[in-house]
Structure formats: structure tokens, C-alpha cells
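In case you want the letters, here they are:
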Amino acid sequence: DGLAAFRTFLKSEFSEENVEFWLACEDFKKTKSSTKIASKAQKIYSDFIQADAPKEINIDFHTKNDISQNISEPTLSCFDNAQRLIYSLMAKDSFPRFLRSEVYKELVKKHQDRNQKRWLPFL
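How each quantity is defined
- Position numbers for residues count from 1 along each chain, tracking the sequence in the order it is written.
- Side-chain atom pairs in this predicted model are given and counted only at pLDDT of 80 or more, local residue features only at pLDDT of at least 70, and totals for whole chains, interfaces and linings cover all residues.
- With hydrogens and water stripped out, all remaining heavy atoms of the structure feed into the side-chain values.
- Side-chain atoms within 4.5 Å link the members of a nonpolar core, which is a set of buried Ala, Val, Leu, Ile, Met, Phe, Trp, Tyr and Cys residues.
- Remark: exposure states derive from per-residue accessible area (1.4 Å probe, protein chains only) relative to the maximum for the residue type, with buried under 20%, exposed over 50%, and partly exposed in between.
- Helix and strand assignments follow DSSP, with helices taken as H or I runs no shorter than four residues and strands as E runs no shorter than two, numbered in order from the N terminus.
- Whether two residues touch is decided by their heavy atoms; if any such pair falls within 4.5 Å, the residues are in contact.
- UniProt positions are given in the numbering used here, feature names are shortened, and annotations may be inferred rather than shown by experiment.
- The aromatic pairing rule takes the rings of Phe, Tyr and Trp, using the six-membered ring of Trp, and pairs them if the centres are within 6.5 Å, calling planes under 30 degrees apart stacked, those over 60 edge-to-face and the rest tilted.

**Q** Could you clarify how one ought to interpret the nonpolar core in this entry?
**A** Across soluble globular proteins, nonpolar side chains have a tendency to be buried as a group. F21, I49 and F79 are the most contacted members of the largest nonpolar core, which totals 26 residues. Looking at this core, the elements that each hand over two or more residues are α1 (2-12), α2 (16-28), α3 (34-49) and α5 (80-99). Here this core takes six residues from α3, the largest share from any one element. Residue contacts for F21: discarding those within four places in its chain leaves I44, F48, I49, I57, F79, A82, Q83 and I86.

Listed below in C-alpha cells is the structure:
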């Protein structure tokens, strides 16, 4: 529920690509097959990294350039620096705003209500 609420919040701020990229990287790091590594890396690159990508993330030139140079022979760690940057951006910027948002307040209220009903059935 928390991830869904955070994604909803990011969509409202037009920055859902950050969490989508982070999740894609987490999935990518679990890939076992070398052919799937190459195809998944290319998909992440075309969706999030390359210039004018449909969900282009905001990373610095050097990080983007390193990925571009190594995408032809990707490793499971090829997106690690970009993923760290995006995580840091979300942690310092988006997430604190999310914690102050109505979306978050509704999530907390929903879980408080649910827990009261579960643990205090006599109320």
C-alpha cells in the first residue's frame, strides 16, 4: 500500500519515473540469464537513460555517459550509480514531501482504522 501511495504521489508531481527506474534496476539486478541481462539493460536504457527517453530520469552527464559507453556489454551493476543518485533524490526531495501530503495522511488513516478494527473488535 505504501509503495502504491508513493507512486500515486509521484505521478501527481510528474516524477513517477524515479521510482519506476529504481524498481526496474532492482528487478534487473536479480536477472540470471546473460541474454536477459542484455535485453533488460537495453530496455532500461531506452526507457530511462537515453536522450529523449519516454521516462527520462534526471542524472548528471558523467553518469549518463558511463552507462552509454558500457550498455553494449552490460553488467548487473551497470545502473548502480544512477540508481543511487535517483534514490538519493527521492530520499531528500520527493519522500519528505510525500510524508506531508494528503496521499500519505490518507494511507496512515486507512491503516489506523484497519488496525483498530482488527485488534479491538469490541469498539
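Structure shown, so let's carry the discussion forward.
**Q** How should I be thinking about the UniProt feature "domain: RGS" (unreviewed entry) in the protein in this particular structure?
**A** Following the UniProt record, the feature "domain: RGS" (unreviewed entry) maps to residues 1-108 here. Spanning residues 1-108, this segment combines 71% helix with 0% strand, and its end C-alpha atoms are found 10 Å apart.

**Q** Explanation requested: unusual backbone geometry in the structure shown.
**A** A negative phi holds for most residues other than glycine; trans holds for most peptide bonds. Although it is not a glycine, F14 sits at a positive phi angle of roughly 60°. Along the polypeptide, F14 turns up in the loop between α1 and α2.

**Q** Just checking my understanding: could you explain the packing of aromatic side chains for this structure?
**A** Both the distance between ring centres and the angle between the ring planes are used here to describe each pair of aromatic rings. Considering all chains together, one arrives at nine aromatic pairs under this definition. Considering the side-chain rings of F21 and F48, the 5.5 Å spacing of their centres and the 65° angle between planes classify their relative orientation as edge-to-face. Here F21 is found in helix α2, whereas its partner F48 is found in helix α3, with 27 residues between them in sequence. With respect to burial, F21 and F48 carry one shared label: buried. A ring pair is formed by F28 and F79, whose centres lie 5.4 Å apart and whose planes are at 75°; its orientation type is edge-to-face. In this pair, F28 sits in helix α2 while F79 sits in the loop between α4 (61-70) and α5, placing the two residues 51 residues apart along the sequence. A residue is classified by how much of its surface remains accessible, and F28, at 1% relative accessible area, is buried. Its relative accessible area of 2% is what places F79 among the buried residues. An aromatic cluster of three or more residues is present, and its members are F6, F9, F95, F98 and Y104.

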